[in-house]
Amino acid sequence: MTKPCIICVAITGSVARKENNPAVPITVAEQLESTHEAFEAGAAIVHAHVRNDDQSPTSDPEKFARLKEGLEKHCPGMIIQFSTGGRSGAGEARGGMLPLKPDMASLSVGSNNFPTRVYENPPDLVDWLASEMRTNTVKPEIEAFDLSHIHQAAAMNKDGRIPGRLYVQFVMGVKNAMPVDRDVFDYYIKTVERLVPDADWCAAGIGRNQLTVNEWSIAAGGHTRTGLEDNVRFDRETLAPSNAALVKRTADLCEKYERPVATWQQAREILDLPPKAAA
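This write-up is about the structure you can find in this document. (Residues numbered from 1 in each chain as written. Predicted model: local features only at pLDDT ≥ 70, side-chain atom pairs only at ≥ 80, totals over all residues. Heavy atoms only, no water.)

**Topic: the packing of helix α1 (residues 28-41) against helix α7 (residues 243-256)**
The packing of two helices is summarised by the inter-axis angle and the distance between the axes. Where α1 meets α7, the axes come as close as 8 Å, and the angle between the chain directions of the two elements is 15 degrees. Considering the angle they form, α1 stands roughly parallel to α7. Taken as a pair, α1 and α7 cross one another with a handedness that is right-handed. Between α1, through Ser-34, Glu-37, Ala-38 and Ala-41, and α7, the contact on the second element is made entirely by Asn-243, Ala-244, Val-247, Lys-248 and Ala-251. Here the contact of α1 with α7 is built from residues that sort into 5 nonpolar, 2 polar and 2 charged. (Axes fitted to C-alpha atoms, helices over the stretch in contact; angles between N-to-C directions. Helix = DSSP H or I, 4+ residues; strand = E, 2+ residues; numbered from the N terminus. Parallel < 35°, antiparallel > 145°, perpendicular 65-115°, else oblique. Left-handed = near helix turned anticlockwise from the far one by under 90°. Contact = heavy atoms within 4.5 Å. Nonpolar A, V, L, I, M, F, W, Y, C, P; charged D, E, K, R; others polar.)

Structure, rendered in structure tokens:
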């Protein structure tokens with residue numbers, strides 16, 4: 001198999017804190033350093049959240065602007081993907097950073113359970129976020145926590161609310177949502193191939209399931225996500241020393257399955273994103 005594999009690094013998220021792993025980058029400066037190391041290790045996409053000084057999550061557009069400016073300077077060409085997730089804000093505040101025109105943004109098209117709450121994505125908010133992404137030429141990454149989310153994304157693609165070629169990410173292993181189940185994983189792939197045969201897909205495994213889902217994805221010809229947002233441990237006994245270490249482990253799996261790690265140029269081509277000149 002020679003298809004390049006895009007590695008996305010989810011550097012921070014909204015939950016993991018320094019108490020869980022001191023390597024979790026909180027400040028913009030820490031995030032820039034961590035992302036640069038992951039970029040050098042092979043990550044072509046950075047999935048970004050921002051935090052307040054007390055480590056709490058936020059959707060503050062000013063923080064996103066400083067992060068984007070730094071990423072463009074220190075990781076030239078890397079695909080910048082902002083989170084519009086519900087842990088960082090409520091309602092339209094979740095999309096307040098979209099006018100900054102990142103390359104991509106996450107888009108959850110339906111609701112589901114999280115460990116201690118309902119992750120609410122009501123249809124009117126989903127439509128508004130999709131509209132803002134169209135207005136600002138931001139490519140959505142569909143975060144599918146459930147089979148119905150793949151069907152909804154396909155319907156939105158068909159009627160033009162999500163134009164272009166879909167990029168669908170299967171998120172597996174969140175407590176109270178879809179577990180890491182190989183039959184389900186295989187059916188997700190079949191569903192994407194049936195409903196939107198030109199789509200690309202990737203997958204993320206949460207917590208101890210990260211490495212398993214990385215391997216399934218790479219072996220099956222998809223793309224994959226790693227990083228301290230999803231998993232703060234390298235193995236049962238060891239904390240992950242950095243985002244770069246998790247990216248390198250994923251790149252080693254690509255070598256095992258004889259798949260090249262996608263460069264940022266290749267990733268932009270695969271995802272139909274505009275090319276950029278390297279600095």
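**Topic: helix α3 (residues 123-135)**
Between its first and last C-alpha, α3 extends 18 Å over 13 residues, near the 18 Å set by a 1.5 Å rise per residue. Leu-125, Val-126, Leu-129, Ala-130, Glu-132 and Met-133 are the residues of α3 that are buried. What you see down the axis of α3 is that its buried residues fit within an arc of 160 degrees, all on one side. Among the exposed residues of α3, those pointing more than 90 degrees away from its buried face are Pro-123, Asp-124 and Thr-135. Taken together, the buried residues of α3 touch β6 (104-107), β9 (139-144) and α4 (147-158). Taken from the residues just after α3, Thr-137 is the one with a positive phi, measuring 55 degrees. (Expected span 1.5 Å × (residues − 1). Buried < 20%, exposed > 50% of the residue type's maximum accessible area, 1.4 Å probe, protein only. Arc of directions from axis to C-beta.)

**Overview of the environment of Val-9**
Mapped onto the elements, Val-9 comes out in strand β1 (residues 7-10). A relative accessible area of 0% means that Val-9 is categorised as buried. Considering only alpha carbons, one finds Val-9 and Gly-89, 80 residues apart in sequence, at a separation of 22 Å. When residues no more than four places from it in sequence are discounted, the contact partners of Val-9 are Ala-38, Ala-43, Ile-45, Val-46, His-47, Met-78, Thr-226, Gly-227, Asn-243 and Val-247.

**Quick word on the nonpolar core**
Core analysis: the biggest nonpolar cluster contains 54 residues, and Val-9, Leu-107, Ile-142, Leu-166, Val-168, Phe-170 and Phe-185 have the highest contact counts within it. In terms of nonpolar packing, the next biggest core, distinct from the first, is built from 13 residues, Cys-8, Ala-44, Ile-79 and Ile-270 among them. (Core = buried A, V, L, I, M, F, W, Y, C linked by side-chain atoms within 4.5 Å.)

**Quick look at the pairing of strand β5 (residues 79-82)**
The alternating pattern of β5 places Ile-79 and Gln-81 and Ile-80 and Phe-82 on opposite faces, both of which are buried. The pairing of strand β2 (residues 45-48) with β5 spans 4 bridges and is parallel. By the bridge assignment for β5, His-47 is matched with Gln-81. As paired strands, β5 and β6 are joined by 2 bridges and run parallel to one another. Bridge pairing in β6 places Gln-81 opposite Met-104. (Pairing = 2+ DSSP bridges.)

These figures capture arrangement, not role.
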